[in-house]
Amino acid sequence: MKWKDVRDIAIALLEKHPEVDPLTVNFVDLHNYVVDLDGFDDDHSHGGEKVLEAIQATWIEEAE
């Protein structure tokens, strides 16, 4: 997975962290959750605020 795979990342986060409310996750924790996902293989420094916002919004959508 790469940073651009926003929906895949969101689904993987939902599966790996079902107990976490995505509305309460700060960007530092979110970044760490993403880079720790199995199959994530991208430059950690490319996970900026814009992509993290998109991932969080999609994670919230998937959790509903």
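For every chain, the first residue of its written sequence is number 1, and the numbers climb from 1 along that sequence. In view of the model being predicted, local features appear only for residues whose pLDDT reaches at least 70, and side-chain atom pairs are presented and counted only at 80 or more, with totals across whole chains, interfaces and linings using the full set of residues. The side-chain figures draw on all heavy atoms in the structure; neither hydrogens nor water molecules are used.

Now for the side chain of His17. Labels follow the DSSP assignment, with helices taken as runs of H or I lasting at least four residues and strands as runs of E lasting at least two, numbered in each case from the N terminus. Mapped onto the secondary structure, His17 falls in the loop between helix 1 (6–16) and helix 2 (27–35). Apart from residues lying up to four places away in sequence, His17 is in contact with Tyr33 and Trp59. Contact between two residues is taken to exist if any of their heavy atoms lie within 4.5 Å; hydrogens are not considered.

A few words now on helix 3 (residues 49–63). Three- or four-residue spacings in an α-helix give side chains the same orientation, since the helix completes a turn every 3.6 residues. Residue count minus one, scaled by 1.5 Å, sets the expected span of a helix. An ideal rise of 1.5 Å per residue puts 21 Å on 15 residues; helix 3 measures up with 21 Å between its terminal C-alpha atoms. Buried residues of helix 3: Val51, Leu52, Ile55, Gln56, Thr58 and Trp59, and no others. Looking straight down helix 3, one finds its buried side chains confined to an arc of 165°; they lie on one side. In helix 3, those exposed residues whose orientation departs by more than 90 degrees from the buried face are Glu49 and Lys50. As for helix 3, its buried residues are in contact with helix 1 and helix 2. When accessible area is computed with a 1.4 Å probe and restricted to protein chains, residues below 20% of their type maximum are described as buried, those above 50% as exposed, and intermediate ones as partly exposed. It is the directions from the helix axis to the C-beta atoms whose arc is reported.

Axis angle and axis distance: for two packed helices, these are the angle between their axes and the distance between the axes, and together they describe the pair. Inter-axis angles, ranging from 0 to 180 degrees, are taken between N-to-C directions of lines fitted to C-alpha atoms, where helices are fitted over the stretch in contact. At their nearest, the axes of helix 2 and helix 3 sit 10 Å apart, and the two run at 80° to each other. One element, helix 2, and the other, helix 3, form an angle in the roughly perpendicular class. Between helix 2 and helix 3, the residues in contact are Phe27, Leu30, His31, Tyr33 and Val34 and Glu49, Leu52, Glu53, Ile55, Gln56 and Trp59, respectively. Side-chain classes follow a simple rule in which Ala, Val, Leu, Ile, Met, Phe, Trp, Tyr, Cys and Pro form the nonpolar group, Asp, Glu, Lys and Arg form the charged group, and the remainder, Gly included, forms the polar group. A per-class count over the contact of helix 2 with helix 3 returns 7 nonpolar, 2 polar and 2 charged. Throughout, the term roughly parallel applies to angles under 35 degrees, roughly antiparallel to angles over 145, roughly perpendicular to angles from 65 to 115, and oblique to all others.

Right, let's talk about helix 2 for a bit. Taken together, the buried positions of helix 2 are occupied by Leu30, His31, Val34 and Val35. The arc that holds every buried residue of helix 2, seen down its axis, measures 125°, which confines them to one face. For helix 2, the secondary structure elements touched by its buried residues are helix 1 and helix 3.

None of this, on its own, says anything about what the molecule does.
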